[in-house]
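Chain residues, written in single-letter form:
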Amino acid sequence: MPFREICGQERAVGVLRRAWAGGRLAQAYCFTGPPSVGKRTTAVALAQAVNCLSPVPGDAGSLTPDACGTCRACTRIAAGQHPDVGLVAPEEKTVITIDQIRALAARASLRAYEGSVKVWILDPAHEMQEPAANAFLKTLEEPAAGTLFVLVTTAFSALLPTIRSRCQEVRFAVLGEAPLRTILERHGWRAEDAAAAAAMAGGRAERALALEPDRLGAAPVRLAEEVWGSLGSLPALLDQAERLGKDRAALESALEILSAFARDAVVARFASEEAPGLSAERRALVERTVGDTTLAAILRVHAAHREARQALAWRAQPRLAAERMLLKMREAVWHE
Ligand SMILES: [Zn+2]
């Protein structure tokens, strides 16, 4: 996806576009910021920009050029099939291994096969074990001409200081509701579902996408209210358990919504007036729903969501996991 289609990261994208247009790109960048806000997407956009066969002039809002998004280079990069653009990510293991870095180093020392600039994206860069990080440092110290590295991380401080000092940091922000809505609508969501999910996603695209109404079997708008409302009556609670636990995907989506709701309830308890990421409407809904539930009880509710998530990870039956979670919520809210 070219730069112009990236939502909600104007500052980071602006830094890169200006550097590219001015021929001032750094040899290595480190994209830092919260998870799921567009860091890797932007790294791919940068790879497209520097390798595009027919860049397009910038639109009125931005005078710098951009990748076309449709030429052979752009489409191959988007598909992960361009020989000069590589992604290094953990494979079976949860870390980037020294073998992966050695393979990168060998390919990085070759002349660019067909693009003008080789681009290596390491994501998540902090998942390099020490031997891998040291091997990568060597590559970074003696880079072949025409090579660009992009390290993507949520934990900049976890990188070796010697690697950090060789990268230019570009910070990415939490996504606002408007860019999240745009992203969801691009995925084919109806406007009202997109608006509701954007409000409870905590600024992360992945979390918002997990709230998909089709997976949930219901619109996400009222789910948390309905679940909290059912806690007072055992038959209503069991009905809820059946609905939430109808399958894994449904319960996973519901857990996203309920966790976000509990998180917002905690924030509403702490922050007296304006809290970042909590709109006045959302706050009113949260306060109306949780009533005078104490902070301690809300935290126990939040823990019940976390346990349900763990149970799912351990392959628990969704219906039982949902029931257990709702009973714990009931106990926290009604019997403190
Ligand atoms: Zn292109």
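Predicted model only: the values in this text are computed from it and were never measured. (Residues numbered from 1 in each chain as written. Predicted model: local features only at pLDDT ≥ 70, side-chain atom pairs only at ≥ 80, totals over all residues. Heavy atoms only, no water.)

What follows concerns the domain arrangement of the protein chain. Each assigned domain of the protein chain is listed with its residue range as follows: domain 1 (3–171) and domain 2 (200–334). Centre-to-centre separation of domain 1 and domain 2, based on C-alpha positions: 37 Å. (Domains from an automatic or database assignment.)

Ordered by their spatial adjacency, five strands build an open sheet running β2-β3-β4-β1-β5, and the pairing between neighbours is parallel. On the outer flanks of this sheet lie β2 (85–88) and β5 (168–171), each paired with one strand and no other. Within this sheet the neighbouring strands show an average axis-to-axis angle of 20°, counted without direction. One ladder, built from four bridges, connects strand β1 (residues 28–32) with β5; its direction is parallel. (Pairing = 2+ DSSP bridges. Helix = DSSP H or I, 4+ residues; strand = E, 2+ residues; numbered from the N terminus. Axes fitted to C-alpha atoms, helices over the stretch in contact; angles between N-to-C directions.)

Two elements in contact, helix α4 (residues 98–108) and helix α5 (residues 130–141), have axes whose closest approach is 8 Å; the angle formed by their N-to-C orientations is 10°. On the basis of their axis angle, the class for α4 and α5 is roughly parallel. The segment α4 lies against α5, with Ile-98, Ile-101, Leu-104, Ala-105 and Ala-108 engaging Pro-131, Ala-132, Ala-135, Phe-136 and Thr-139. Looking at side-chain class alone, the contact of α4 with α5 contains nine nonpolar, one polar and no charged residues. (Parallel < 35°, antiparallel > 145°, perpendicular 65-115°, else oblique. Contact = heavy atoms within 4.5 Å. Nonpolar A, V, L, I, M, F, W, Y, C, P; charged D, E, K, R; others polar.)

Burial analysis of helix α8 (residues 191–200) places seven of its 10 residues in the buried class, the great majority of the element. Among the residues making up α8, those that are buried are Asp-193, Ala-194, Ala-196, Ala-197, Ala-198, Ala-199 and Met-200. Phi turns positive, to about 60°, at Gly-202, one or two residues after α8. (Buried < 20%, exposed > 50% of the residue type's maximum accessible area, 1.4 Å probe, protein only.)

By volume, the largest pocket is sized at about 690 Å³. The wall of the largest pocket is formed by 28 residues, among which Ser-36, Val-37, Gly-38, Ala-205 and Glu-206 lie closest to the centre. Elements with a contribution of two residues or more to the lining of the largest pocket: α2 (39–51), β4 (147–153), α7 (177–186) and α9 (205–209). When residues in the lining of the largest pocket are grouped by element, the largest group, four residues, is from α9. Among the residues forming the lining of the largest pocket, the class breakdown is 12 nonpolar, seven polar and nine charged. Each of domain 1 (3–171) and domain 2 (200–334) gives at least three residues to the lining of the largest pocket. (1 Å grid on protein atoms, 1.4 Å probe; cavity = no way out; pocket = protein on both sides within 12 Å on 5 of 7 lines; lining within 4 Å. Points joined across faces, edges and corners; volume = space filled by probe spheres on them.)

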